[in-house]
Amino acid sequence: MTLTEPTPTHSPAPPLAARARSVGGSPVRDILAVTARPEVINFAGGLPAPELFDAEAIAAAYQAVLTETPGRALQYSTTEGEPGLRAALAGRTTARGLPTGPDDLLVTTGSQQALSLLATALLEPGDTVLVENPCYLAALQAFGFTGARVVPVPGDGHGLDPEALEELVVRERPKLLYTVPTFQNPTGRTLPADRRAAVAAVAARCGLWIVEDDPYGELRYDGDRVPWIAAHPGAEDRTVLLGSFSKVMAPGLRLGWLRAPGELRRACAVAKQAADLHTPTVNQLAAARYLADSDLDAHVARVARVYRERRDAMLAGLPGALPQGSVWNRPEGGMFLWASLPEPYDTTALLPRVVRHDVAYVPGAPFYAGPPDRTTLRLCFVTQTPEEIGEGLRRLGEGLRGAAPRVQEGPAPGA
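Residues numbered from 1 in each chain as written. Predicted model: local features only at pLDDT ≥ 70, side-chain atom pairs only at ≥ 80, totals over all residues. Heavy atoms only, no water.

A. Here's a closer look at empty space enclosed by the protein. Counted by the stated rule, this structure contains 2 cavities of 30 Å³ or more. If you add up the space inside the largest cavity, you get close to 60 Å³. Lining the largest cavity are 13 residues; nearest its centre among them are P48, F53, K247, M249 and H299. Classifying every residue of the lining of the largest cavity by side-chain character gives 10 nonpolar, 2 polar and 1 charged. Empty space within the second largest cavity amounts to approximately 30 Å³. Lining the second largest cavity are E132, G159, L160, T179, V180, P181, Q184, R189, T190 and L191. When the residues that make up the lining of the second largest cavity are grouped by side-chain class, the tally is 4 nonpolar, 4 polar and 2 charged. (1 Å grid on protein atoms, 1.4 Å probe; cavity = no way out; pocket = protein on both sides within 12 Å on 5 of 7 lines; lining within 4 Å. Points joined across faces, edges and corners; volume = space filled by probe spheres on them. Nonpolar A, V, L, I, M, F, W, Y, C, P; charged D, E, K, R; others polar.)

B. Structural view of the environment of A287. Along the chain, the position of A287 falls in helix α11 (residues 281–293). Owing to a relative accessible area of 2%, A287 belongs among the buried residues under this scheme. For the pair A287 and F43, spaced 244 residues apart in sequence, the C-alpha separation works out to 29 Å. (Helix = DSSP H or I, 4+ residues; strand = E, 2+ residues; numbered from the N terminus. Buried < 20%, exposed > 50% of the residue type's maximum accessible area, 1.4 Å probe, protein only.)

C. Just the packing of aromatic side chains, in detail. On inspection of all chains with the given rule, the structure shows 6 aromatic pairs. Measuring from centroid to centroid gives 5.7 Å for F143 and Y178, while their planes differ by 75°, and the two rings are edge-to-face. Of this pair, F143 sits in helix α7 (residues 137–145) while Y178 sits in strand β7 (residues 176–179); the two residues are 35 residues apart in sequence, bridging distant segments of the chain. Taking relative accessible area as the criterion, F143 reaches 2% and is therefore assigned buried. With a relative accessible area of 0%, Y178 lands in the buried category. Both rings, one in W338 and one in Y368, keep their centres 6.4 Å apart while their planes meet at 50°; by these two values the pair is tilted. In this pair, W338 sits in strand β12 (residues 336–340) while Y368 sits in the loop between β14 (362–363) and β15 (376–380), placing the two residues 30 residues apart along the sequence. The class for Y368 is buried, based on a relative accessible area of 14%. An aromatic cluster of three or more residues is present, and its members are W338, F367 and Y368. Positioned over the ring face of W228 is R225, at 4.6 Å from the centre of the ring. (Phe/Tyr/Trp six-rings, centres within 6.5 Å; stacked < 30°, edge-to-face > 60°. Lys NZ or Arg CZ within 6 Å of the ring centre and 35° of its normal.)

See the structure below:
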């Protein structure tokens, strides 16, 4: 009797939850995957310049904690975070105008996790969240996974409009407002001090909770620092402040934090226990050791000087790269510049053509919670040298000129 081998079969995936079916992947990640070829000059990512990482000092910090306290560094830790790191973060936050104690903070695995924990702790399906327009893309994903209803707040080139915000708060009764007021992703704009005070006043009058995300605030090139919304009267006990080492130390550390009132912070800690128990101990101890042994502020100042040169190189090259009638902003810091091409350019439709010239950007459309402006695009200026930026903009100009929209001809005279 001959036994036949069973025919290999592949079981279908189990049915996905509605939230997984309804929320798509990140277009930015998709673009980076497509443009990973080394010959592509990629303005699409939000990647810090790797050659500027303080790798030697970071390595020394890891070496120290693994040599001196290996058992602690490689062991489980508390969900809230290592006390030494929280104390250092509290000191830095207090020095920047917001009195903070170590117990006010929860260390997270990147500030993106902080946003996800807040969404888990606060949002039910159908709850309303107010956001800037356009908005940080991963925030839209985090809110989408909860089934929340995301409503954009009208604004202008300086950010959201506080009067429009108050009207929406009264009408929509939102659970929270999410904002990146300093060097915003994707636009690079900064909300002026008077508008921050007005947003804080709206929070106080209307009982609005604010999530203030500040991953870029230390990367300032021009002007004076603008205080956090969280530091304004009326917002102190209604604002969750998010921070991160990703843009000032290194993103691979995956270290972020949130500052929040006790009850909400404890709810986020419970959500974190369900997610990953705690942020890696060795990373936290190494970061705390780095802060003790090195001058992070001096390192950030060095990085900012380089990034300022790269921003200026991009600003200098844009007039020759973008079509006549285009407009763009001059960010005071951060990593991104926002541009708008004249009608009827569609930056999503144009991207494949531009990529064939070995350069890439991010179309603006995915960043909108409401109807998108398809003429917009985001450019990251920190990853490449000024020379590479100049060459990338030359390629961008070639790609856009090859895709120049045709003007529709009208009827012939006398027809």
